[in-house]
Amino acid sequence: MKREADKLVSIAVLTAKAGMRERLRHELLTLVEPTRQEPGNLDYVLFELRDEPGTFYMREAFVSQAALDAHCATDYFQAFANQADELLAEPLRLIFMEEVDQ
């Protein structure tokens, strides 16, 4: 069993280029279900800021760095990554967090 300390929890911040909000939303949604099926995934939920349409947050949790690396290597994530320059106003920002209450 994996130690809780190995778990990686993060928020990915993705901001759409002008005119790309709906396309970015669609592409992010295509990642949700297959990612949730990955054996190392614990959580993968997409949010959009109410006050900033086109700014998306993906709450992610993986059992380990290896599981996150495996996610990043999947065909569907790579397909998304290959479109990032076209879709994103700025590079994807990944914010790692430590869980305080367990």
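Each remark here, short or long, concerns the structure printed above.
To keep things clear, this report deals only with the structure shown in the data block. (Residues numbered from 1 in each chain as written. Predicted model: local features only at pLDDT ≥ 70, side-chain atom pairs only at ≥ 80, totals over all residues. Heavy atoms only, no water.)

A look at empty space enclosed by the protein
- Applying the stated criterion across every chain yields a total of one cavity of 30 Å³ or more.
- Of the pockets and cavities examined, the largest cavity occupies roughly 40 Å³.
- Residue lining of the largest cavity: A12, L14, L28, L31, Y44, M58, E60, F77, F80 and L92, and that is the complete set.
- Residue assignment for the lining of the largest cavity shows that the elements contributing at least two residues are β1 (8–15), α1 (21–36), β3 (55–62) and α3 (75–81). (1 Å grid on protein atoms, 1.4 Å probe; cavity = no way out; pocket = protein on both sides within 12 Å on 5 of 7 lines; lining within 4 Å. Points joined across faces, edges and corners; volume = space filled by probe spheres on them. Helix = DSSP H or I, 4+ residues; strand = E, 2+ residues; numbered from the N terminus.)

With respect to the sheet that holds strand β2 (residues 41–48)
- A sheet is described by the order of its strands in space; here four strands give the open sequence β2-β3-β1-β4, paired in antiparallel fashion. The open sheet has two edge strands with one neighbour each: β2 and β4 (93–97). Strand-to-strand twist of the sheet, defined as the mean angle between neighbouring strand axes without regard to direction, takes the value 20°.
- Two strands pair when backbone bridges link them, and β2 and β3 are joined in this way by seven bridges, in the antiparallel orientation. Each bridged residue has a counterpart across the sheet, and for F47 the counterpart in β3 is Y57.
- Of the strands in this sheet, β1, β2 and β3 touch α1, which is tilted by about 165° from β2.
- Contacts from helix α2 (residues 65–73) reach β1, β2, β3 and β4 within the one sheet, and its direction differs from that of β3 by about 130°. (Pairing = 2+ DSSP bridges. Axes fitted to C-alpha atoms, helices over the stretch in contact; angles between N-to-C directions. Contact = heavy atoms within 4.5 Å.)

Considering α1
- In a regular helix each residue adds 1.5 Å, so 16 residues correspond to 22 Å; α1 covers 23 Å between its end C-alpha atoms and thus fits that length.
- Summarising the contacts, the buried residues of α1 are in contact with β1, β2, β3, α2, α3 and α4 (84–87). (Expected span 1.5 Å × (residues − 1).)

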